[in-house]
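Chains, contacts and geometry: an overview
What follows is each chain in one-letter form.
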Amino acid sequence: MEEENKKGIQELLDGYPQEQRHALAILQSVQKEYGFISANSLMAISQYLGTPVSELFSIATFYKALSLKKKGKIVIKVCDGTACHIRGSAQILEECKRALQINEGETTPDGLFSIEVVNCVGSCAMAPVVICGEEYHGNVQIGQADEIIDQAKKEVENHE
Amino acid sequence: MNIIIDGRQVWAKPEDTILLAARREGIYIPSLCFNQATEPTHSCRLCMVEIQEKGRTFMVASCAYKVKEGLVVTTESETLRKVRNTLLQLLYAQAPENPAIVSLMERYQVVPKEKLAPKEGQCILCGLCVEACKKLGASSISTIHRGVTKEVNTPYGIQAKNCIGCASCAGFCPTHCITVEDTEEGRTIWNKKFKWARCEVCGAIVGTEQHYKASTGDTQVVCPDCRRKTMTDVFADTLGERY
Amino acid sequence: MSKEILVCCGTGCLAKGSQFVVDEFREKLGERKDIRVISDVKKVGCNGFCENGPIVTILPDHITYYKVSPKDVEEILDSLEDTPVERLLYQDDQGKRVRSREENPFYAPQHKIALRHTGMIDPGNIEEYIKAGGYIGLQNALEASQDAVIRQVEISGIRGRGGGGFPTGKKWRSCLEVSSDMKYMLCNGDEGDPGAFMDRSIMEGDPHSVLEGLIIGAYAIGSRQGYLYIRDEYGLALHHMQRAIDDARKKGFLGKNILGSDFDFDCEIVRGGGAFVCGESSALMASIEGKVGEPRVKYIRSVVKGLFDQPTVLNNVETLANIPYILTHGGETFAKMGTKGSKGTKVFSLVGKVNRTGLVEVPMGITLRELVYQIGGGIPAGKAFKAVQTGGPSGGCIPESLLDLPIDFDTLKEKGSMMGSGGIIVMDETTCMVDLARYYVKFLSEESCGKCTPCREGLRHMLDILARICEGKGELEDLDLLEELAITATQASLCELGRTAANPVLSTLHYFRDEYEEHIVQKRCPAGACKELIRFTILEEACKGCGICAKHCPTSAITGELKKPYTIHQDVCIRCGNCKVKCPFGAIHVE
């Protein structure tokens, strides 16, 4: 598995010029491809760009789009933008946490779900919003979280 | 050019910041994160001063604001006193009982507020250690995360592969909060153990093995004193004046 | 006569399944040869009224249908040559069904300049943009001198739409005056204000308007390289913007010798990394340089030394979207609208506790009352208006007493708030202002870059204090400390995020001090929002003993016998509010 990743990462790197300014874009590509940024990929990028690992680590922990830990197959993003907040997003977050028995920022033991709180996804007119995987759910009612999660579980099962 | 600080005319060079010009003149402006040897971080904000521009008063960071001909600067005022007071409170809460901050608080007669919950550790996140490591070390530490969870550490918090144990970070730290353990054998810093490199001639410690290698590239370890003696011997031989 | 069917495919309507509506239309049209449509069903950008999506518009009749599902498609097709489908039309405040947008109270008062094409054209089709008058502005610009172009922008009086409100013409002129071989023209698409989505809609629905504005700006200042910094979270916007750039290049609007002139300019997209602070100009530039998004001191302005230390102009998406209009119709036309200090129109995102939520573009100077009550249709469920938050986390709240305030950059600032990107969050009696301040401080404490003491530490302690107050553990001296920390952050922070971070705290303290004091002295939350200070109880007289509440209680805190009043056990109750929502008899009371 490690060797595969190394080759994959190198191929990914070769698609970018060796310039510092591409550091963020490269990290985002790695994140997209592998779901997280491993220590190996940090070292490979460091070698490629000539940027110290500490600086890349700084970037990887600064931006929320990047993650050092692998996230669940389906990431449940509960929007806590202002419009969503005053329409009860805190409540919905609690429901998600209860349904999956994990806290925000954590992943279920089976690696299926992660919960994240995000700051405004720009769908404020349909507040409160929950994004389950790629699907947007607007005007989420109190008590609806269980439904959304069950639906997602079923879809994963159907897929497999 | 000439600028005016607290009513005094002060000579300044074109690329000077207010702080630099003031220090040269012996005018005291407090600062914790300023060090001439590194890139400035502008983070502690203790050096705030007031300037007059277009008939209005602005508060600027003197370590960042570049001088202009005829600039009028004030380093003491009621507003500045209040800001400095709160800033010192905030710094104290980050580094409780720290001598560097306590002495500043005494100077400005600031009493710590109990309501400001103290943080663990003594780091005020001035960023000097990171800059020092960049310039003099091996870029082994950096600031991680952001906002209130920001901290300084090595990647993953484990020993950094490229750290050379030079302890420049500790030397630059204004609150002396970086732990360096020096023993007969070597040094421990940022969770990494180092062995001393000792002078082959007199046995004096010249630094960690990695630091010595990084700064000289020599395989032979010779301390500065012995190196000087060797050089004077060489000169003496050349000039025929050996004692 | 041939009809045209437009289906909204902005993020909001797509989330509600508008793609399925498109598919159904296409399928049915394929079968029904009796219907004449000009072209394929057109997928258009965000109509700004997302709660009522999917939205379908029929031209040339200007009939707009709302909440359309695939099941309705057949009926709509049948109605094309007949009377419209009543139940899908919007119902105005008098209960009448209205056909067109001009009769819809949400759209009627709007005057679309920045949103002139959004929702009407297919954003993926450059020909439609050109047909609608696109790139004429660019042609006009290239035929004039740089000075003449800037002159038009100066005459228009347009000020930055992203939050700063800095006069755009002045910004361009000061950059033109800096002589440098390399200058950069940047677009700020990092819309991070929670509650704001106007930039998203413009980038999704009319990307060429932004691109054209960028190219005109680049010509004006003398730049040949540009970047569009777009939020990572806006997948559709990124997609449409990239498509627009590719198509514009093919048509010669980008690249070398644009439209046969000797002006070269090209641009690329840079994705944000998920950081609100990167909306700040110097942090944005640091991010493009491949570093962490930490702002730098700006005593030397970016127009002199910005991206890669070169002269740089950064403009917001909405600002740029207005530029082609100004270069097509003249700066004076734009300046005819708005107020003395704030010319033109502004796109507001009206959201929160209001009946009609969405994007509203109106001339500057409209009052808050008109926005909330006329366009927004007032507060739902008969609740009382409490306040409006403008300018997001950098802004402040405006209470009921100021509802007749004409909105413009300066009036809002005077009252302790700011325009920001145009987010208008409406709040009612169930919103706790102390909790709101805590919400914004929490947001900023996570989004702040964390470099400077007054912002990072100030926010940390303010959050502590506000949390304690919301839990009923506050003291009156806390309010003084809160103010002190807030003022210090305002005066001593390194960047605008820090300098405006205290606005939500200071403005709620100013207008709603009594609410703070009630939390502290009476340990009570008048809005019924702060969990630690409220109790849920069952009203015996109203309770029918149905047991529905107990069934839905996640901590089994409710017990009782059927047909007899139930009881909530306070020590187990986590105050989630589920019972109140599920009770069919309204027997659950919050105190």
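Predicted model, so just to flag it, every value in this text is computed and none were measured.

Criteria and cut-off values
- Residues numbered from 1 in each chain as written.
- Chains lettered and ligands numbered in written order.
- Predicted model: local features only at pLDDT ≥ 70, side-chain atom pairs only at ≥ 80, totals over all residues.
- Helix = DSSP H or I, 4+ residues; strand = E, 2+ residues; numbered from the N terminus.
- Buried ≥ 20, exposed ≤ 12 C-beta atoms within 10 Å, placed from the backbone.
- Contact = placed C-beta atoms within 7 Å.
- Rg over C-alpha atoms; globule rule 2.2 N^0.38 Å.
- Core = buried A, V, L, I, M, F, W, Y, C linked by C-beta atoms within 7 Å.
- Pairing = 2+ DSSP bridges.
- Right-handed = clockwise from strand over helix to strand, strands pointing away.
- Domains from an automatic or database assignment.
- Axes fitted to C-alpha atoms, helices over the stretch in contact; angles between N-to-C directions.
- Parallel < 35°, antiparallel > 145°, perpendicular 65-115°, else oblique.
- Left-handed = near helix turned anticlockwise from the far one by under 90°.
- Nonpolar A, V, L, I, M, F, W, Y, C, P; charged D, E, K, R; others polar.
- Expected span 1.5 Å × (residues − 1).
- pLDDT = per-residue confidence, 0-100.

**Some details on the overall build of chain A**
Check the secondary structure of chain A and you find seven helices and four strands. Helices and strands appear in chain A in the N-to-C order α-α-α-α-β-α-α-β-β-β-α. Each of the three principal axes of chain A carries a C-alpha extent, and together these read 50 × 35 × 25 Å. The proportion of buried residues among the 160 residues of chain A is 42%. Across chain A, contacts joining residues at least 24 apart in sequence account for 61% of those joining residues at least 6 apart.

**Comments concerning the overall build of chain B**
Each helix and strand counted, chain B has seven helices and eleven strands in total. Taking 2.2 N^0.38 as the reference for a compact globule, 243 residues should give roughly 18 Å; the C-alpha atoms of chain B span a radius of gyration of 23 Å, well beyond that estimate. By principal-axis analysis of the C-alpha atoms, chain B measures approximately 70 × 50 × 30 Å. The buried share of chain B, taken over its 243 residues, is 40%. In chain B, once contacts between residues fewer than 6 apart in sequence are set aside, the share between residues at least 24 apart is 52%.

**With respect to the nonpolar core**
Judged by nonpolar contacts, the single largest core of 214 residues is most densely connected at Val130 of chain A together with Val7, Ile215, Val388 and Met462 of chain C. Filtering out sequence-adjacent residues up to four positions away, Val130 of chain A remains in contact with Ile76, Lys77, Val78, Cys79, Ile92, His137, Val140 and Ile148 of chain A. Counting 58 residues, the second largest nonpolar core, distinct from the first, contains Tyr65, Val83, Ala95 and Cys126 of chain B.

**Examining the pairing of strand β8 (residues 225-230) of chain C**
Residue and element names in this part refer to chain C. Most of β8 is tucked away, with five of its six residues classed as buried. Inspection of the sheet shows strand β7 (residues 184-189) paired to β8 by six bridges, in the parallel sense. The residue of β8 that forms the bridge with Gly189 is Ile230. As judged from the six bridges shared by β8 and strand β9 (residues 266-271), these two strands associate in the parallel manner. Paired with Tyr227 across the bridge in β9 is Glu268. Remark: the β8/helix α10 (residues 235-250)/β9 crossover connection has right-handed handedness.

**A short note on the domain arrangement of chain B**
Residues and elements named next belong to chain B. Taken as a whole, chain B is organised into domain 1 (2-107) and domain 2 (128-235). One C-alpha centre belongs to domain 1, the other to domain 2, and the line joining them spans 31 Å. Facing ten residues of domain 1, the contacting portion of domain 2 comprises eight residues.

**A look at the domain arrangement of chain A**
Along its sequence, chain A is carved into domain 1 (2-62) and domain 2 (74-159). For domain 1 of chain A versus domain 2 of chain A, the distance between C-alpha centres works out to 30 Å.

**Observations regarding the packing of helix α6 (residues 146-156) of chain C against helix α7 (residues 168-176) of chain C**
Residue and element names in this part refer to chain C. Relative orientation of the contacting elements α6 and α7 amounts to 155°, with a least axis distance of 7 Å. In terms of axis orientation, α6 runs roughly antiparallel to α7. For the pair α6 and α7, the crossing hand works out as left-handed. Residues Gln146, Ile150, Val153 and Glu154 of α6 form the contact with α7, whose participating residues are Thr168, Gly169, Trp172, Arg173 and Leu176. Across the contact of α6 with α7, the residue classes break down as four nonpolar, three polar and two charged.

**Topic: the sheet that holds strand β3 (residues 130-132) of chain A**
Residue and element names in this part refer to chain A. Spatial ordering of the open sheet is given by β2-β1-β3-β4, a layout of four strands whose pairing is mixed. Each of the sheet's edge strands pairs with one partner strand only, and the pair in question is β2 (113-118) and β4 (135-137). Between one strand axis and the next, the sheet turns by 20° as a mean value, whatever way the strands run. In this structure, strand β1 (residues 74-79) lies alongside β2, joined through six bridges in parallel fashion.

**A short note on unusual backbone geometry**
The peptide bond linking Gly53 of chain C to Pro54 of chain C adopts the cis configuration, its omega dihedral lying at -5°. Within the secondary structure, Pro54 of chain C is located in the loop between β2 (42-44) and β3 (56-59). With an omega of 5°, the peptide bond between Leu59 of chain C and Pro60 of chain C qualifies as cis. Structurally, the position occupied by Pro60 of chain C is in the loop between β3 and β4 (63-65). One non-glycine residue, Gln109 of chain B, adopts positive backbone phi at about 55°. Mapped onto the fold, Gln109 of chain B is located in the loop between α3 (99-107) and α4 (128-136). Of note in this structure, Leu259 of chain C is not a glycine but carries a positive phi near 50°. Structurally, Leu259 of chain C can be placed in the loop between α10 and β9.

**Structural notes on α4 of chain B**
Of the residues making up α4 of chain B, those classed as buried are Leu128, Cys129, Val130, Glu131, Ala132 and Cys133 of chain B. Turning to α4 of chain B, the residues buried within the fold contact β6 (142-144), β7 (151-153) and α5 (168-172) of chain B.

**What about helix α12 (residues 317-329) of chain C?**
Residue and element names in this part refer to chain C. Along its 13 residues, α12 runs 19 Å from first to last C-alpha, staying within 8% of the 18 Å computed at 1.5 Å per residue. Burial in α12 covers these residues: Val317, Glu318, Thr319, Leu320, Ala321, Asn322, Ile323, Pro324, Tyr325, Ile326 and Leu327. Positive phi shows up at Gly330, right after α12, with a value of about 90°.

**Concerning the sheet that holds β7 of chain C**
Residues and elements named next belong to chain C. Reading across the sheet, the four strands line up as β9-β8-β7-β10 and stay open at both edges, with parallel pairing between neighbours. Of all the strands in the sheet, the pair left with one neighbour each is β9 and β10 (312-316). Neighbour-to-neighbour, the strand axes of this sheet turn through a mean angle of 20°, independent of strand direction. Note: β7 against β10, five bridges, orientation parallel. Considered in β10, the bridge of Leu186 is made with Leu314.

**Let's talk about the environment of Ala486 of chain C**
All names here are of chain C. Within the secondary structure, Ala486 is located in helix α18 (residues 476-492). Note: C-alpha distance between Ala486 and Ala502 (16 residues apart in sequence) is 4.9 Å. Ignoring sequence-local partners within four residues, the contact set of Ala486 consists of Met462, Ala502, Val505 and Leu506.

**What about the interface of chain B and chain C?**
Contact with chain B, which involves 25 residues of that partner, is made by 26 residues of chain C. Contributions of two or more residues to the side of chain B that touches chain C are made by β4 (56-61) and α2 (78-94) of chain B. Take the side of chain B that touches chain C: its biggest share by element is seven residues, from α2 of chain B. Among the residues making up the side of chain B that touches chain C, the classes are represented as 15 nonpolar, five polar and five charged.

**Some words on the pairing of β3 of chain C**
All names here are of chain C. With four bridges connecting them, strand β1 (residues 4-8) and β3 associate as antiparallel partners. Across the sheet, the residue bridging to Glu4 is Leu59, located in β3. Pairing of β3 with β4, which is carried by three bridges, proceeds in the antiparallel orientation. Counted as the bridge partner of Ile58 is Ile63 from β4. The loop that links β3 with its antiparallel partner β4 comprises three residues; one of these, His62, has a positive phi angle of about 55°.

**Some details on the confidence of the model for chain B**
Mean pLDDT over chain B: 93, with 99% of residues reaching 70 or higher. With a pTM of 0.92, the predicted complex shows an ipTM of 0.92.

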